[in-house]
Amino acid sequence: MKKITACALGLLFCLGMKSQTNMSTFISDLMSKMTLEEKLGQLNQLTGDDINTGAPSQTKIGKELIAGHVGSVLNVQGVEKIRLLQKMAVEESRLGIPLIVGLDVIHGYETLFPIPIGLSCTWDLKAIEESAHIAAVEASANGIAWTFSPMVDISLDPRWGRMAEGNGEDPYLGSRIAEAMIRGYQGDYSGKDNIMACVKHFALYGAAESGRDYNTVDMSRLRMYNQYFAPYKAAVEAGAGSVMTSFNIVDYVPASANRWLMTDVLRNQWNFDGFVVTDYATITEMQKEGWGIGDVKTVSAKCLKAGVDMDMVSQGFISTLGQSLKDGTISMADIDRACRRVLEAKYKLGLFADPYKYCDAKRSKEVTYCKEHRDIARRITAESFVLLRNEGNILPLDKTKKIALIGPMADNKGDIAGTWSFSAKPEKYKSVYEAMKAYVGKKGTILCTQGCNLLDDAHQQQAVSNGHGLTPVPRVDDAEAKAEALRIAKQADVIVCAMGECAWMSGEGTSRADLQIPAPQRRLLEALKELGKPIVLLNFTGRSTVLTWESQNIPAIMNVWFGSECGDALCDVLFGDTSPSGRLTMSMPYSVGQVPIYYNHLQTGRPVADGEPYRVFASNYIDQPNGPLYPFGYGLTYSTFSYSDVSLSSPEMNSNGSVTATVEVKNTGSREASEVVQLYIRDIEASISRPLMELKGFERITLKPGESRKVNFAITPELLKFYNYDLEYVLEPGDFSIMTGPDCKHVSQAILKVNK
Ligand code: BGC
């Protein structure tokens, strides 16, 4: 292949510097010079796992890069290594097209925020946007141009471990969070610290049957449009640059090969103009060992035709699309379309103008895990904790008291960052024990021990850490560990248990059939309870766990969600510098038998209200309530709030009008605290069955003791619309229930009549 001259290369870059209006001309010009092989190269994404040692150009990835066979790499870390790869792409390949380097920067880079489900529990869109921006600042300084985030899959089933990576069960809240994250990552692409977002996993990945990862999904179109699609659509409308396909089937066709999904919905209905990448090795998995819809050539062609632009690591596109072009299965226009979209993304990011834009070692040193980022992460992490129970006001703790800190997460640095934190530097983070010791200083005493195994099964305990580069939670002798725990607990004034799941008990491939605190930890909790001392349970988790026994036996319980600053943030809340303010974004069930469980469900023909006794021939369980143990939107703080009834500025509105719903909230306790005031709406009668209630607004407010505030919500037609039987987005006039309150279970309501 003839090398293009340095002068021509320079010209390409100069052209790249011109404004967006030149993008189309620039890319057409570039594409006119590209061979078929080079075009297919742009659609090929390789993983950089194999470039850890040696001179990269000697490795497979290096050779492929220089040959123009690679458009993107993922899983490479370190600004120097990435610069080297970029140099090969830009200076050694024939056309010098820069690489786009992607990584899963899911809840931060080295400064790690709570895992996404925890971040969602802040209900603080500004904070979420800020966290995404900080993630982008650090990632971009370390060579990363593209993050595989936000994950916006709605999940109603906590058996599915990837609930940890999303924003819970609600379409409205999930949509607002998706938009905030896109803003935080991408900005307007102009800054050195703006990176491209990737909305995933399109679509319906969170609806895997029985909560088992990668499992079958089967869903009505109405449910897709009214419940599951909203956050993907919101992210696309917020300008997300890329979309990742999901690992599941949709209508019996793997999402990546589903033309209806990738083209009709995503492109034609939602006007998505970025590029689509498959998930990891999806093309490989579509063959007969997996879904069985064809050999690599067949499925690659199907995916391209469906609207996929880039193949993540399967190398199906690069190895077979040439043949498919020859035999007419696909056309040159199909390839050109995908190639153009990938090049456009690179252009938008400014990579043609400056391929080393993201390779600034000096900036990397300045911004990565800097004090400013750590302080912000600490504040936001403290906002995410959800206080579920605080009988007798055990919390906040007195730092002059003697505290026994016990559990597999008590002195654990390896897991503190949480799932999906590949750039974590655990050695820099504090364990809860280290943070507490530093916090109380000489004033108090913290005694600490692991106390039990994480899981009874040694293989499982090892497996949840292995493969993720973490140090597994140490195996301990049950009897000895328990004896030590009881010994220190007896000396203490209060017992704090840091228990639950380690980092990789949630995230990809971490489905659980039992959602209780793992058995050895529960046994220890039971033994500690017998001491009759005050106990606080810090429930480390990435999902809704089942805390039925704990809710009856452990007086104080708080859900906590990892993060590099988790230890310090816990001290801020446990010792009362900050009042807890997180609210659940997913229902917490009484038992796994209730799942899937979610507040915005439809009514049945034989409904039984939550709390009513069991009735035969009605829609309820003999042995458990219908509702959850802790509902969506729920969370306590160190103060109390009273709510007025909701009032409407008018009892009627026209279908193009608007009214204001108002509720007055007062801090009736003795501490400053934050509250998330929530608005729910029910369409009482419609042409199809509509949910009992749906979140349609919220406002996070902070009030001083005795202070009250009126919170207003504008009820606009948009909030009343839904997809009807024919999938038309409509407002059907009639009566609507307008509800406000501190969570979905404790609301007051007013009826709004909507006229034609
Ligand atoms: C996950 C994606 C992730 C990708 C790249 C896949 O296994 O499903 O969420 O972005 O790997 O690491």
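None of these values were measured; they are calculated from a predicted model.

## Some remarks on the site of the ligand
Taken together, Leu-74, Asp-104, Phe-148, Arg-162, Lys-200, His-201, Met-244, Phe-247, Asp-279, Tyr-280, Met-312 and Glu-508 make up all the residues around the ligand. A distance of 2.7 Å is found between an oxygen atom of the ligand and a side-chain nitrogen or oxygen belonging to Arg-162. For the ligand, whose free accessible area comes to 310 Å², the fraction covered by protein is 94%. Residues belonging to the shell around the ligand are distributed by class as follows: 6 nonpolar, 1 polar and 5 charged.

## Thoughts on the packing of helix α9 (residues 221-228) against helix α11 (residues 259-269)
Viewed as axis vectors pointing N to C, α9 and α11 meet at an angle of 45 degrees, and their least axial separation amounts to 15 Å. With respect to their mutual orientation, α9 and α11 come out oblique. Here α9 runs over α11; the crossing is right-handed. Here Arg-221, Met-224 and Tyr-225 of α9 come into contact with α11, specifically with Trp-260, Val-265 and Gln-269.

## Regarding the packing of aromatic side chains
Geometry of an aromatic ring pair is reported as the spacing of the ring centres plus the angle between the planes. Inspection of every chain in the model, using the stated rule, returns 29 aromatic pairs. Members of the aromatic cluster, connected to one another through ring pairs, are Phe-202, Tyr-225, Phe-229, Tyr-232, Trp-260, Trp-270, Tyr-723 and Tyr-729. Above the ring of Tyr-172, the side-chain terminus of Arg-176 is found at 4.7 Å from the ring centroid. One Lys or Arg, Arg-374, reaches over the ring of Tyr-369 and ends 4.8 Å from the middle of that ring.

## Let's talk about the nonpolar core
Core analysis: the biggest nonpolar cluster contains 129 residues, and Phe-202 and Phe-229 have the highest contact counts within it. What Phe-202 contacts, discounting residues up to four positions off in sequence, is Phe-229, Tyr-232, Val-243, Met-244, Thr-245, Ser-246, Ala-255, Leu-261, Met-262, Val-265, Leu-266 and Trp-270. Of all hydrophobic cores here, the second largest spans 84 residues; its members include Ile-115, Tyr-369, Leu-387 and Val-573.

## Some remarks on empty space enclosed by the protein
Scanning the model with the defined rule gives 5 cavities of 30 Å³ or more in all. One number sums up the size of the largest cavity: a volume of about 100 Å³. Considering the residues around the largest cavity, the lining is formed by Met-34, Glu-38, Gln-42, Leu-65, Gly-68, Val-70, Ala-89, Ser-93, Arg-94, Leu-95, Gly-96 and Ile-97. For the lining of the largest cavity, the per-class residue count stands at 6 nonpolar, 4 polar and 2 charged.

## Observations concerning the confidence of the model for the protein
Summing up the model confidence of the protein, the mean pLDDT is 95 and the portion of residues at 70 or higher is 95%. In the predicted structure, residues 1-18 sits below a pLDDT of 50 and forms 32 contacts with residues beyond four places in sequence or in another chain. For residues 50-57, every residue scores under 50 in pLDDT, and the model assigns this stretch 17 contacts once sequence neighbours within four places are set aside.

## Focus on the packing of helix α18 (residues 432-440) against helix α23 (residues 566-574)
Helix packing for two helices is described by the angle between their axes and how far apart those axes are. Between α18 and α23, the shortest axis-to-axis distance is 8 Å and the interhelical angle comes to 50 degrees. The angle between α18 and α23 places the two elements in the oblique class. Judged by the twist between their axes, the crossing of α18 over α23 is right-handed. Residue-level inspection shows Val-432, Ala-435, Met-436 and Tyr-439 of α18 in contact with α23, the latter providing Gly-567, Asp-568, Leu-570, Cys-571, Asp-572 and Leu-574. Its residues assigned to classes, the contact of α18 with α23 shows 7 nonpolar, 1 polar and 2 charged.

## Description of unusual backbone geometry
Here the bond from Lys-200 into His-201 is cis, since omega is -5 degrees, no more than 30 degrees from zero. With an omega of 5 degrees, the peptide bond running from Phe-202 to Ala-203 counts as cis. Of note in the backbone geometry, Trp-420 takes a positive phi value of approximately 50 degrees without being a glycine. Summarising the element assignment, Trp-420 is placed in the loop between β12 (402-406) and α18. Even without being a glycine, Leu-727 presents a positive backbone phi close to 60 degrees. You can call Leu-727 partly exposed: its relative accessible area is 29%.

So, how was this worked out
Residues numbered from 1 in each chain as written. Predicted model: local features only at pLDDT ≥ 70, side-chain atom pairs only at ≥ 80, totals over all residues. Heavy atoms only, no water. Near = heavy atom within 4 Å. Polar contact = N/O pair within 3.5 Å; in protein donor to acceptor, adjacent residues only side chain to side chain. Areas by Shrake-Rupley, 256 points an atom, 1.4 Å probe, with all protein chains shown as cover. Nonpolar A, V, L, I, M, F, W, Y, C, P; charged D, E, K, R; others polar. Axes fitted to C-alpha atoms, helices over the stretch in contact; angles between N-to-C directions. Helix = DSSP H or I, 4+ residues; strand = E, 2+ residues; numbered from the N terminus. Parallel < 35°, antiparallel > 145°, perpendicular 65-115°, else oblique. Left-handed = near helix turned anticlockwise from the far one by under 90°. Contact = heavy atoms within 4.5 Å. Phe/Tyr/Trp six-rings, centres within 6.5 Å; stacked < 30°, edge-to-face > 60°. Lys NZ or Arg CZ within 6 Å of the ring centre and 35° of its normal. Core = buried A, V, L, I, M, F, W, Y, C linked by side-chain atoms within 4.5 Å. Buried < 20%, exposed > 50% of the residue type's maximum accessible area, 1.4 Å probe, protein only. 1 Å grid on protein atoms, 1.4 Å probe; cavity = no way out; pocket = protein on both sides within 12 Å on 5 of 7 lines; lining within 4 Å. Points joined across faces, edges and corners; volume = space filled by probe spheres on them. pLDDT = per-residue confidence, 0-100.

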